[in-house]
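An overview of the molecular structure
Here are the chains, one letter per residue:
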Amino acid sequence: MVLVVQSNGCPILRRAVPALAALRAAYAPRGVEFLMINGSPGDSLAAVEAEAKEFGDVLAILKDDTQAVLRGLGATRSAEAFVVDPRRWSVVYRGAIDDRLGYETSKPRAEKRFLADALDRLLAGRAVSVPETPVQGCLVDLSVRRTPEYVHDAAPVLARSCLPCHASGKVLPTLDSYEKLRGWGPMIRETIMTERMPGPRVDPRYGRFKGAWGAEDAKLLLDWLAAGAPRGEGEDPMPALAAATRRGVPELSFEAEAEERIPAEGESSVRLVTLSPPAPRDLWIEGIEMATNPDVTHHALAVSLPAGAARAAGPAMAAPGRQLIPAKPGPGYRALPGDGSAFVPKGARLALEVHYVPSGRLALDRPRLSVWTRKGPGRPKALERLTLEQKDFTLPPGAREFKVEVKKRLERDVDVVALWPHMHARGSWMRIEAVAPDGRREILLSAPRVAPRRQPLLELERPKRLEAGTTVVATGAFDNPSRDLIRSGPDPSEEMFQAHVYWTAVSR
Ligand code: HEC
């Protein structure tokens, strides 16, 4: 693979484009991939796109908006080329493309073809003879204006993005104080670089989502870790930040009648724990807080059970319950998105679906659920869901970019308040669009990468009004690198394609 550092408006790079195009034409058929990478803070995605168009879209350009890749490579100038040996993920050549271009000079023809020579030797299975050459190109601004520190900079980001799942307990690393965080530095860096934590980013050009994980957050944490994770002066704000995720005195509380016993060893289990008492009146729930034993809880979900299902048990998702809050596991106060409420009729049972993980010791747990209901004028609105799901598909072994498209028409005017793309391990990307009755298309969400189990509910900063007759279209693709045929189904070994659109009715 060849990576060439790009920055907008760099004359040397511009003049190198024909040479790169020729190299790609020669080597792409032999399996070499050519890409450019832009880490210049001043070059927006749109500006990079425009520049690429101007040069005939010769190579795809990656945007390194955290500058983590450039730093990792030690790149400082555009027009520098890197040859990466994908078998070992090591850089076997770095430097100039050839000796034709310089700051003041430009030979009519290259005499030394550094990059081509390196590729020839790599493809022949030999060591690259000139692994490094000096490069002339435009310096990329890699400066960090101010070294971030924990107390004022990193803690708020960690609290917002990580505490929802890493607040306490033994199942996941506890990241709720500077002392506990420190030892996890290298691992935090890795999980952010690989976009495993807190999850992949959505394309920032489409839709505005509350508290969404962005490039600035990733960059701040990576810069902080690169500087040795300095603490900074003052009290550790994390306990206060963690406390702020609690709402306070519950309006109503529900509790399990008996204690759950989680054996010291064995398989993890998902249990549906019914809570008491039944709903004392009709409830329009606006937010909840769950309390389970953090030492053995992987995650928990609150559900309301239909009448007569109180004793139902068994595997989580198969349970007949209705989730009070979609896709928001974890402790801390959880509000329903937008102005939506979850309706629980008088007498209905609430339950928690808890995924328990053995901790090496017998553990007891008596799950509890706190509930707050919506007050204020007007009738509360139910949070409704439109699900676009592709069922009955099979992924052939080795399939790449296996496309799926699902459409549904809205029969009434709605305010979209949240979106949730859901695919399993082979999900690659998903896009949700709205096509208005007059044919206008608008992208509501573009998730260039969808990670299994790390797909938070994306709550819109402001509700998006869609009129009756609008068609919602979800498109996406799967990659199946395995040799097995994968069928669709709810089991994690199977695949799913669901786009959930949460909405509330438009007030009149
Ligand atoms: C939605 C829940 C969730 C959020 C939010 C989250 N994590 Fe995690 N984290 C997990 C789970 C679950 C695991 C256990 C591994 C797994 O299941 O993938 C984990 C594991 C980890 C690990 C241990 C190493 C590993 O890969 O298993 C680290 C380090 C970590 N997370 C860091 C972070 C950081 C830093 C953030 C915030 C930027 C964060 N996490 C946000 C759920 C979450």
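From a predicted model like this one, the values you see are computed outputs, not experimental measurements.

So, how was this worked out
All residue numbers refer to position in the chain's written sequence, counted from 1. Since the coordinates come from a predicted model, pLDDT governs what is reported: local features require at least 70, and pairs of side-chain atoms require 80 or more to be given and counted, while whole-chain, interface and lining totals use all residues. Working definition: helices are DSSP H or I runs of at least four residues, strands are E runs of at least two. Numbering for both runs from the N terminus. Field definition: a residue is buried when 20 or more other C-beta atoms are found within 10 Å of its C-beta, exposed when 12 or fewer are, and partly exposed for counts in between, with C-beta atoms placed from the backbone. Once C-beta atoms have been placed from the backbone, residue pairs whose C-beta atoms lie within 7 Å are recorded as contacts. Should DSSP find at least two bridges between two strands, the strands are taken to pair. Each residue gets a C-beta atom placed from its backbone. If that atom is within 6 Å of a molecule or strand, the residue is near it. When residue character is reported, Ala, Val, Leu, Ile, Met, Phe, Trp, Tyr, Cys and Pro are called nonpolar, Asp, Glu, Lys and Arg charged, and the others, Gly included, polar. In this analysis an axis means a line fitted to C-alpha atoms, helices contributing only their contacting stretch, and an angle means the value between N-to-C directions, from 0 to 180 degrees. In these notes the angle categories are as follows: under 35 degrees is roughly parallel, over 145 is roughly antiparallel, 65 to 115 is roughly perpendicular, and the rest is oblique. Definitions for this section: a left-handed crossing has its near helix turned counterclockwise from the far helix by less than a right angle. A right-handed crossing has that turn clockwise.

1. As for the overall build of the protein chain
- For the protein chain, the helix and strand inventory stands at ten helices and 27 strands.
- Seen through its principal axes, the protein chain has C-alpha atoms that stretch 85 × 55 × 45 Å.
- Taken across its 508 residues, the protein chain has 34% of its residues classed as buried.
- For the protein chain, contacts bridging at least 24 residues in sequence account for 79% of all contacts bridging at least 6.

2. Some remarks on the pairing of strand β25 (residues 471-478)
- Examined bridge by bridge, strand β20 (residues 402-409) and β25 share eight bridges and lie antiparallel to one another. Bridge pairing in β25 links Val404 to Gly476.
- In this structure, strand β22 (residues 427-435) lies alongside β25, joined through eight bridges in antiparallel fashion. Within the sheet, the bridge partner assigned to Glu433 lies in β25 and is Val473.

3. Points about the site of the ligand
- Around the ligand, the structure places 14 residues, and the nearest of them are Cys162, Cys165, Met187, Met197 and Pro198.
- Looking at the shell around the ligand, the elements with two or more residues in it are α6 (163-166) and α8 (185-193).
- Looking at the shell around the ligand residue by residue, the class counts come to ten nonpolar, three polar and one charged.

4. Points about the packing of α8 against helix α9 (residues 215-226)
- Between α8 and α9, the least distance of the axes is 10 Å, while the angle of their chain directions is 150°. Taken together, the axes of α8 and α9 are roughly antiparallel relative to one another. The two elements α8 and α9 meet at a crossing, and its hand is left-handed. Contacts between α8 and α9 pair Gly185, Ile188, Arg189 and Ile192 from the former with Ala218, Leu221, Leu222 and Leu225 from the latter.

5. Quick notes on the sheet that holds strand β3 (residues 60-63)
- The strand order across the open sheet formed by five strands is β3-β2-β1-β4-β5, and the pairing between neighbours is mixed. With one partner strand each, in any of the chains shown, β3 and β5 (90-95) form the two edges of the open sheet. Ignoring which end each strand starts from, the neighbouring axes of this sheet average 30° apart.
- Summarising the sheet, strand β4 (residues 81-85) and β5 pair through five bridges and their orientation is antiparallel. Note that in β5 the partner of Phe82 across the bridge is Arg94.
- Contacting β1 (2-6), β4 and β5, helix α4 (residues 114-123) crosses the sheet at an angle of about 5° to β4.

6. With respect to the sheet that holds strand β24 (residues 458-466)
- Reading across from one edge, β18-β27-β21-β24 is the order of the four strands in this open sheet, with antiparallel pairing throughout. One side of each edge strand has no neighbouring strand; the edge strands of this open sheet are β18 (384-390) and β24. The sheet shows a mean angle of 30° between the axes of neighbouring strands, direction not considered.
- As judged from the five bridges shared by strand β21 (residues 414-423) and β24, these two strands associate in the antiparallel manner. For Leu419, the partnering residue across the bridge sits in β24 and is Leu458.

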